[in-house]
Amino acid sequence: MLLGDGVFDTSLVKDGRMILRERHIGRLVEACDVFGHEVAKTEIEALAKDAVPEDATGALRLTVTRGPGGRGLAETSASNPTLMASFTPMPLMYPSPPLCLGVSTIQRNPTAPSALYKTLSYGDAVMGQRQAQRNGYDDALFLTSGGHITCSSIANIWAWSGSTLVTPPRSDGVVVGVVRGWLLENAIRYGFEVSERSLRLDDIANADGVFLTNSLRLVVPVRAIDEMEFSPDLPSELESLISELLSS
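Read on for a plain summary of the structure.

What counts as what
Residues numbered from 1 in each chain as written. Predicted model: local features only at pLDDT ≥ 70, side-chain atom pairs only at ≥ 80, totals over all residues. Heavy atoms only, no water. Helix = DSSP H or I, 4+ residues; strand = E, 2+ residues; numbered from the N terminus. Rg over C-alpha atoms; globule rule 2.2 N^0.38 Å. Buried < 20%, exposed > 50% of the residue type's maximum accessible area, 1.4 Å probe, protein only. Contact = heavy atoms within 4.5 Å. Pairing = 2+ DSSP bridges. Axes fitted to C-alpha atoms, helices over the stretch in contact; angles between N-to-C directions. Phe/Tyr/Trp six-rings, centres within 6.5 Å; stacked < 30°, edge-to-face > 60°. Lys NZ or Arg CZ within 6 Å of the ring centre and 35° of its normal. Patch = residues over 30% accessible without salt bridge, like charges linked within 9 Å, V, L, I, M, F, W, Y side chains within 5 Å. Areas by Shrake-Rupley, 256 points an atom, 1.4 Å probe, with all protein chains shown as cover. Salt bridge = Lys/Arg side-chain N within 4 Å of Asp/Glu carboxyl O. Parallel < 35°, antiparallel > 145°, perpendicular 65-115°, else oblique. Left-handed = near helix turned anticlockwise from the far one by under 90°.

1. Let's talk about the overall build of the protein chain
So, step 1. Looking only at helices and strands, the protein chain features seven helices and 13 strands.
So, step 2. Against the compact-globule benchmark of 18 Å for 248 residues, the protein chain has a radius of gyration of 18 Å, which places it among compact chains.
So, step 3. C-alpha atoms of the protein chain, sized along the principal axes, occupy 55 × 40 × 30 Å.
So, step 4. The buried share of the protein chain, taken over its 248 residues, is 48%.
So, step 5. Intrachain contacts of the protein chain at a sequence separation of at least 6 include 69% that bridge at least 24 residues.

2. Quick word on the environment of Cys151
So, step 1. Here Cys151 shows up in strand β7 (residues 149-152).
So, step 2. In this structure Cys151 comes out as buried when scored by relative accessible area, which is 4%.
So, step 3. Separated by ten residues in sequence, Cys151 and Leu141 have C-alpha atoms that sit 5.9 Å apart.

3. Some points on the sheet that holds strand β1 (residues 6-14)
So, step 1. Taken together, four strands build an open sheet; the order of strands is β2-β1-β3-β4 and the sheet is antiparallel. The open sheet terminates on both sides in strands that have one partner only, identified here as β2 (17-18) and β4 (82-89).
So, step 2. Both β1 and strand β3 (residues 58-65) contribute to a ladder of eight bridges, which runs antiparallel. Paired with Val13 across the strands is Gly58, a residue of β3.
So, step 3. Its contacts with the sheet put helix α1 (residues 21-35) on β1, β2 and β3, and the angle it makes with β1 is roughly 175°.

4. Concerning the packing of aromatic side chains
So, step 1. Within this structure, the stated rule accounts for three aromatic pairs.
So, step 2. Seen in terms of ring centroids, Phe8 and Tyr122 are 5.5 Å apart; in terms of plane orientation they differ by 70°. Their pairing is edge-to-face. On the criterion of sequence distance, the pair formed by Phe8 in strand β1 and Tyr122 in the loop between α3 (113-116) and α4 (123-134) is long-range, its members being 114 residues apart.
So, step 3. The positively charged end of Arg61 is found above the aromatic ring belonging to Phe8, 3.9 Å away from the centroid.
So, step 4. Here the guanidinium or amino end of Arg170 rests over the ring plane of Tyr117, the centre of that ring lying 4.7 Å away.

5. Topic: a nonpolar patch on the surface
So, step 1. On the surface, a cluster of nonpolar side chains totalling about 410 Å² of accessible area is made up of Leu2, Leu3 and Leu73.
So, step 2. With respect to the element layout, Leu3 can be found in the segment before β1.

6. As for the pattern of salt bridges
So, step 1. Inspection of the entire model under this criterion finds ten salt bridges.
So, step 2. A salt bridge links Lys41 to Glu22; the nearest nitrogen and oxygen atoms lie 3.4 Å apart. Residue Lys41 is found in helix α2 (residues 41-51), and its partner Glu22 is found in helix α1; the two are separated by 19 residues along the sequence.
So, step 3. What makes Lys41 partly exposed here is its relative accessible area of 38%.
So, step 4. Accessibility expressed as a relative area gives 44% for Glu22, which makes it partly exposed.
So, step 5. Linked by salt bridges that have partners in common, Arg21, Glu22, Lys41 and Glu45 make up one network.

7. With respect to the packing of α1 against helix α5 (residues 178-186)
So, step 1. Two numbers describe how α1 lies on α5: the axes approach to 10 Å, and their chain directions differ by 125°. Of the possible angle classes, the one that applies to α1 and α5 is oblique. Crossing of α1 over α5 shows right-handed handedness. Every residue of α5 that contacts α1 at Arg23, His24 and Arg27 is listed here: Val178, Gly181, Trp182, Glu185 and Asn186.

Structural data, given as structure tokens:
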């Protein structure tokens, strides 16, 4: 815990049902495997089941740390993981009002495991968001040192033009969000062409719109990035897709 040696997952619970449950549990299991936390999928499933009150709506967070160990990095090899769950009742946050993003001075490192998974090493995101809010923005937008767009402090980013949706690839230092993955697979059913492609700020300057996706707010329109302004409206087909997700 003191070294940030752990991973977590946050999911939306609606009326006692964990939205995209299998995807969330699968992503957390993958992260545990990558970081060497020896946890069985059945343990995580049981943890999630016990944490959610019947018919409740809110946010479920599942956390896995390596567990207690000796002082220093060399004493963390023995793994007896600690599992924690917390459920926070809250109303459904969708639809959310449009947000304004400020480009962060903190750069994303695509080679860092902490950039690719939801880990307890969240200092860059915390500092980036606070910096953005001090400067009058709602959230931060992180770029790589090469100028590629990655994500906000808590969400994946998309650009849309007509029926085309584009989001940055994992290779640019992007956490593979659960809603992001679901959208990549399902948006085609509503007439969208979807792809993963590296994006710079210039590439999205003339987009019809930009939006964020994460598991609690689902889809959030972006009305501005620094001085670039975008339509605060979302495609009606995208709104229909999210309605389908919430009712399925």
